[in-house]
Amino acid sequence: MNNNPYKVIPGEIYDIVQESPLIRTLRIRPERPIPFKTGQFIELSLPDIGEGPFTPSSSHFISDVMDVTIMKTGFLTDHIHQTKKGDRIGIRGPFGSNYPLDKFAGKDLLILGGGCGLAPLRSLFLTLIHEIEKYKSITFLAGAKSPKDCLFKESVEEWRRYSKVKFLRTVDEVPSDEKWSETVGVATVLLKEVKIDPKTSPAVVCGPPIMMKYGTMDLLKLGFREENIYLSMEKKMYCGFGQCRHCVIGEHYACKDGPVFPYSQIKNEEDIWE
Amino acid sequence: MTIKVEMFYDFLQQCRESKIGNFQQVIVPASTKFTTDGQQQFSPLAEDTTFNLDTYRTIDPLKMLYYYFRERVYPENGKTPKRLIVGAKACDIAAMRVLDKAMDNDDFVDPNYKLWRENTTIVSADCTEICPTCHCTLVGGKPFVTEGFDLNLSRINGNYVMTTGSKKGKELLELIGKNAEIKESDPGDIEKQRKEIVTQLERQNKSYARSGVYEKYRSVDMDSWNDNSKACIGCGACTNICPTCYCLILNDETKGQQFTKVRSYDSCQLSGYARVAGGGTPRPKMYQRFRNRYLCKFDYMKSNFNMIGCTGCGRCTEACAAKIDFREVVHNVDATVANK
């Protein structure tokens, strides 16, 4: 059978970028291109160790190589943080739903992210600026624990040069040995800088569960509509195709119906913020 | 069509010896070292196997014969043996329809599952006895098949009445006809016999009556789930033995250059089931996982497959280390809904 859904495409790690003490970006070259849509995820395998779901952090206009930004936080990711350039890695996918770019066209888009949640948002952002003429504006609000935990430090200045882009950062706290000239506070404090019309604008949220929860609540308070708030519900998406049931949110599968859900679709399910 | 019981047994032995039908294996419910008091377990037929095709369902679910507990799925099985499974019960056949929807649909095909199913002919048989946990009639089922079967046997007065339900079943009947004496006769009143078993089931399960308004279970108070799950130790026996549970884990067992994936059963009752890196889990408490199982069966599977995920086999109750009766929990939960 040619279409084995468990099929693994081998690839090679051709570069590694240490973004922050706990987060690194693997740059992967699969044996053959893996076309995906921004927001979709892949299953990354380390031979004889295991596999886990990760959302690429690179633009979907590039498919011959792929960036995946990963935080060291468990068994598999500990091993991923021990990989070296040239190591073999496996990829299944892509799986799941993507960010609905057609619904963002001609709109002022708000992106709210925190921590490692910036990984899929970088993919979205790079995809958007590839065709920046299609969008009215992009407001990107990014939170991190401390200045050294900020991701994609090298790219921020470049991103800020786009006239349609407003890229704001905040950190929870600034340790005495670090320097910071931008906002201090949790990610949602940046929402007061939002100048776009909440009634018509789409918003995308991705980050740690607590940030997703309060971010969504604050967006609703500002007047954003439930159906315009897109959440990346990253659960334990084990198989990727709605079979293993680890990621179910009520009757919805995070892997198949998501990971990108409009808030209106899942607001009545319990435990969505866990 | 009918066949004498002994003659049918003889036919099975001939199949086993690969004299006819090119079957590589014949599987029947038989008593084994794991069974007691009339219980049976699916086993390969041997010359001296003691088996009973009638009675009630086996202790192990039929799914274990086509959705394996642990199986390499990538690279997939190149081929599977041609098999004849005889003596499956209606609860397992109904469960197979749920699994078929999950494992072989427009969006997804599990290659191994499909191959096992394609190469297996399943002969079902009417229940002629019930066991203490049997309750198919509580979930709209019957102790005999009505759909989704290949060939069915109804035993009466030393004969099997054979009914076909699929192309595979027709082919098998043809094969039986060529190799044994079959007749078009009416050996007795099957309906009366079936009705008698239904009556026994209804009598046995009278005190577990439920409204069947499953869509309301989601709104049941957490306190009720907490009360009902107090005895649960979260071992996962219920889900492993359930004929419609199919949650899986995929392990990477790559050695050398070829990436290798192995799938095994998982259980939503285990605390680590939905835990993500970093330790977060949507259902940290036992009662939440306990509730998930019931809602999965009666609500989520209904939404996903338009079939509820309980076929009334009662194996979960039989397997439960804490002696929790599934019917009783549903009855209690149902009563909470009815009082609202």
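Because the structure is predicted, anything quoted here is derived from the model rather than measured.

Rules behind the numbers
- Residues numbered from 1 in each chain as written.
- Chains lettered and ligands numbered in written order.
- Predicted model: local features only at pLDDT ≥ 70, side-chain atom pairs only at ≥ 80, totals over all residues.
- Heavy atoms only, no water.
- Helix = DSSP H or I, 4+ residues; strand = E, 2+ residues; numbered from the N terminus.
- Contact = heavy atoms within 4.5 Å.
- Salt bridge = Lys/Arg side-chain N within 4 Å of Asp/Glu carboxyl O.
- Pairing = 2+ DSSP bridges.
- Axes fitted to C-alpha atoms, helices over the stretch in contact; angles between N-to-C directions.

Q: Can you help me understand the environment of Thr-163 of chain B in this one?
A: All names here are of chain B. Note on placement: Thr-163 falls in strand β8 (residues 159–164). Separated by 146 residues in the primary sequence, Thr-163 and Glu-17 have C-alpha atoms spaced 25 Å apart. Thr-163 has contacts with Phe-149, Asp-150, Leu-151 and Asn-152, leaving out every residue within four places of it along the chain.

Q: Can you walk me through the pattern of salt bridges in this structure?
A: Where charged atoms from two side chains of opposite charge come close, those side chains can pair. Taken as a whole, this structure holds 35 salt bridges over all chains when the rule is applied. Measuring nitrogen to oxygen at the nearest pair gives 3.2 Å for the salt bridge that ties Glu-318 of chain B to Arg-57 of chain B. One end of the pair, Glu-318 of chain B, is in helix α9 (residues 315–319); the other, Arg-57 of chain B, is in the loop between β3 (41–44) and β4 (70–74), with 261 residues separating them in the sequence. Ionic contacts of the salt-bridge type, sharing partners, join the residues Glu-51 and Arg-92 of chain A together with Asp-252 and Lys-261 of chain B into one network.

Q: I would appreciate a short explanation of unusual backbone geometry in the present structure.
A: If a residue is not glycine, its phi is most likely negative; likewise, a peptide bond is most likely trans. Between Gly-93 of chain A and Pro-94 of chain A the backbone carries a cis peptide bond, its omega angle lying at 10°. On the secondary structure map, Pro-94 of chain A appears in strand β6 (residues 88–95). Cis geometry marks the peptide bond from Tyr-74 of chain B to Pro-75 of chain B, where omega comes out at -10°. By the secondary structure assignment, Pro-75 of chain B is in the loop between β4 and β5 (83–88). The backbone phi angle of Asn-306 of chain B is positive, close to 60°, even though this residue is not glycine.

Q: I tried to follow the sheet that holds strand β5 (residues 66–71) of chain A on my own but got confused; where do I start?
A: Strand pairing in a sheet relies on backbone hydrogen bonds, with the paired strands running either antiparallel or parallel. Residues and elements named next belong to chain A. The six strands lie next to each other as β4-β3-β6-β1-β2-β5, forming an open sheet whose pairing is antiparallel. At either margin of the open sheet sits one strand with a lone partner, and together these are β4 (50–54) and β5. Ignoring which end each strand starts from, the neighbouring axes of this sheet average 40° apart. Bridge count between strand β3 (residues 41–46) and β6: four bridges; the pairing is antiparallel. Its bridge partner being in β6, Phe-41 is matched across the sheet by Phe-95.

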